Amino acid sequence: MLVGLAAALVAGVPGLGAPAAVPSGEITLYTSESEDDVNALVQDFTRRTPGVRVQIFRAGSGPVVSKLQAELQAGRIQADVIWFADIDFFRSLAGRDLLLPYRPPAGARVPAPYHYEGDRMHEVRLIFNVVAFNTNHVRFRPSSWWDLTLPRYRGRVGMPSPFVSGAAFNHVGTFASLREFGWDYYRKLRDNGAVVLRSNGDVAQKLASGEVSIAQIVDFFVRNLKREGSPVDHIWPREGALLVPTPVAIIKTTGNVPAAQAFVNYLYTPEAQRLFVQRSYIPVVPGIPYPEGVPDISELRVLHPNLAYIDRHREEIRRIFGELFGVTR
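Within each chain, residue numbers correspond to sequence positions counted from 1 in written order. pLDDT decides what is reported in this predicted model: residues at 70 or higher carry local features, side-chain atom pairs at 80 or more are listed and counted, and totals for whole chains, interfaces and linings draw on all residues regardless. Side-chain metrics rest on all non-hydrogen atoms present in the structure, leaving aside hydrogens and water.

Digging into the confidence of the model for the chain
Reasoning step 1: The predicted model of the chain has a mean per-residue pLDDT of 91, with 94% of residues at 70 or higher.
Reasoning step 2: Long-range and interchain partners of residues 1-17, a stretch whose pLDDT sits below 50, account for 6 contacts in this model, where long-range means more than four residues apart. pLDDT: the predictor's confidence for each residue, scored from 0 to 100. By definition in these notes, contact holds between two residues if any of their heavy atoms fall within 4.5 Å.

Here it is as structure tokens:
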């Protein structure tokens with residue numbers, strides 16, 4: 001009798017619904033997250049989800065997009081889950097019906113604006129582009145994005161390359177579209193000798209060492225460095241800090257839906273959200289305490305990326321920035 005009941009449960013009973021599949025096997029994650037951060041999350045996930053293995057391909061958003069484009073041309077994306085800072089590329093994948101709709105149960109309390117394209121992509125924590133500075137080199141605390149163009153910082157300004165960093169690409173595209181900045185802002189940065197480095201990690205390293213004194217950078221890098229004792233700090237610019245969308249999505253052709261969904265759902269759990277905070281990110285799930293010193297999001301002036309402009313002018317943004325700063329990658 002018990003054997004028969006168990007068999008019925010395994011097979012699924014009409015009217016009661018089929019039992020949920022237990023996640024197992026292997027998934028592959030393509031991401032631009034920092035190596036230390038993604039390794040910490042994956043280790044915690046696999047510890048809590050025995051039987052699932054996660055292979056990681058990690059690079060800047062630009063190289064990750066190039067890899068996905070090559071795989072699309074070859075006929076199939078090899079990743080199961082993708083996670084990087086190029087929301088415009090995510091939208092193009094959603095538009096081609098290449099992303100799996102999924103609302104993670106653990107993310108039920110997350111505000112609706114952070115679930116995009118009919119639950120095909122999701123924000124799992126919040127990051128912003130801000131102005132940062134080396135406290136040993138900068139005497140007057142900055143307050144504006146325009147401070148990067150001040151003559152006293154000539155040759156000592158750093159920023160990541162939009163050809164490598166999705167966060168930087170969204171920044172250039174959005175600022176180029178804004179009347180109060182436009183391409184004139186970037187001409188002034190060029191005239192001030194701003195140095196284009198590869199990634200946000202490279203900018204963070206040179207800011208901490210003092211090779212650059214002031215920079216455009218993603219906020220959590222600075223809080224991490226400050227916590228470790230580096231002479232750095234950042235401000236929330238008066239014009240607004242730029243939200244950097246960094247969506248997570250499941251590729252529709254994944255061969256392991258249960259494991260892919262389990263990983264995305266894990267990212268919203270209190271355990272994962274607290275790991276984000278420990279690494280200086282701002283949690284997206286309400287009720288999780290922020291990193292020390294970070295004001296409530298409702299108190300910040302936030303700029304949102306101009307995705308419509310970026311979508312229409314993607315190649316123009318690359319061309320003009322490349323011509324201004326003499327970089328192509």
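Concerning the pairing of strand S11 (residues 232-235)
Reasoning step 1: Every second residue of S11 is oriented toward a common face, with Val232 and His234 on one face and Asp233 and Ile235 on the other, all of them buried.
Reasoning step 2: The pairing of strand S7 (residues 128-134) with S11 spans 4 bridges and is classified as antiparallel. Looking at S11, one finds that Phe133 is bridged to Asp233. Exposure classes here rest on a 1.4 Å probe applied to the protein chains alone. A residue is buried below 20% of its type maximum, exposed above 50%, and partly exposed in between. Helix numbering and strand numbering both begin at the N terminus, where a helix is a DSSP run of H or I of at least 4 residues and a strand a DSSP run of E of at least 2. Two strands pair under a simple rule: DSSP has to find at least two bridges between them.

Some remarks on the nonpolar core
Reasoning step 1: To form a nonpolar core, buried Ala, Val, Leu, Ile, Met, Phe, Trp, Tyr and Cys residues must be joined to one another through side-chain atoms within 4.5 Å. By size, the foremost hydrophobic cluster in this structure holds 69 residues, and its most contacted members are Val81, Ile82, Leu99 and Leu267.
Reasoning step 2: The element contributing the most residues to this core is helix H9 (residues 257-266), with 6 residues.
Reasoning step 3: Ignoring sequence-local partners within four residues, the contact set of Leu267 consists of Leu41, Trp83, Val124, Val248, Ala272, Gln273 and Phe276.
Reasoning step 4: The next biggest cluster of nonpolar side chains, apart from the first, holds 32 residues, and it includes Val138, Ile310, Leu324 and Val327.

What about the side chain of Ser165?
Reasoning step 1: Within the secondary structure, Ser165 sits in the loop between strand S8 (157-160) and helix H5 (166-177).
Reasoning step 2: Residue Ser165 is classed as buried on the basis of its relative accessible area of 8%.
Reasoning step 3: In the analysis that follows, any N or O atom pair within 3.5 Å is treated as a polar contact, provided that within protein one partner can donate a hydrogen and the other can accept it, and provided that, for residues neighboring in sequence, both atoms belong to side chains. Of note is the side chain of Ser165, whose polar atom sits 3.2 Å from the side chain of Asn200.
Reasoning step 4: With residues up to four places along the chain from it excluded, the contact list for Ser165 reads Ser61, Pro160 and Asn200.

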